[in-house]
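Tertiary structure, described
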Amino acid sequence: MLQGFYMLALQRARRQRRIALLFCIAAVLSAFFALRAWFVPQAVPASTTAVQPYIAQIEDGRLVVSREGEIVLRTEIDVRTLPEADREALGHGVILSDAQALASLLEDYGS
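These lines cover the structure that appears in this document, whether it is placed above or below. (Residues numbered from 1 in each chain as written. Predicted model: local features only at pLDDT ≥ 70, side-chain atom pairs only at ≥ 80, totals over all residues. Heavy atoms only, no water.)

Quick word on the overall build of the protein chain
The helix and strand inventory of the protein chain stands at four helices and four strands. Walking the protein chain from its N terminus toward its C terminus, one meets helices and strands in the order α-α-β-β-β-α-β-α. Since a compact globule built from 111 residues should have a radius of gyration of about 13 Å, the 35 Å found for the protein chain marks it as more spread out than a globular shape. Its C-alpha atoms give the protein chain principal-axis dimensions of about 110 × 25 × 20 Å. Taken over 111 residues, the protein chain has a buried fraction of 15%. (Helix = DSSP H or I, 4+ residues; strand = E, 2+ residues; numbered from the N terminus. Rg over C-alpha atoms; globule rule 2.2 N^0.38 Å. Buried < 20%, exposed > 50% of the residue type's maximum accessible area, 1.4 Å probe, protein only.)

With respect to the nonpolar core
Core analysis: the biggest nonpolar cluster contains 13 residues, and Ala-56, Leu-63, Leu-90, Val-94, Leu-96, Leu-105 and Tyr-109 have the highest contact counts within it. Residue contributions to this core peak at three residues, all from helix α4 (residues 99–110). Apart from the residues lying within four places of it in its own chain, the contact partners of Tyr-109 are Leu-63, Ile-77, Leu-82, Asp-86 and Leu-90. (Core = buried A, V, L, I, M, F, W, Y, C linked by side-chain atoms within 4.5 Å. Contact = heavy atoms within 4.5 Å.)

Spatial relationships are all this shows, so hold off on functional conclusions.
Here it is, written out as structure tokens:
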């Protein structure tokens, strides 16, 4: 009879050790994922990595396109043929957000 109680006590002790081991494993995994989340690099918004916009303006009576202060395209488009409002806007510089906007502007003024 005592041997039966001894065996039950051993089983209970093993069960408690297994439960304690599972809790320790869960704690280590939680700490690992918490540290991993803590040290993940921050996401950078797309607006901060965007390249500078194109600027369309007038130079010597022709339409030129610059980016970051450097001329990237000199066109043969004579700005005298454009409407007054467009010439005035180009005189101040028209900001174009991307290459698609630039292509659209060149298509409008070139035809």
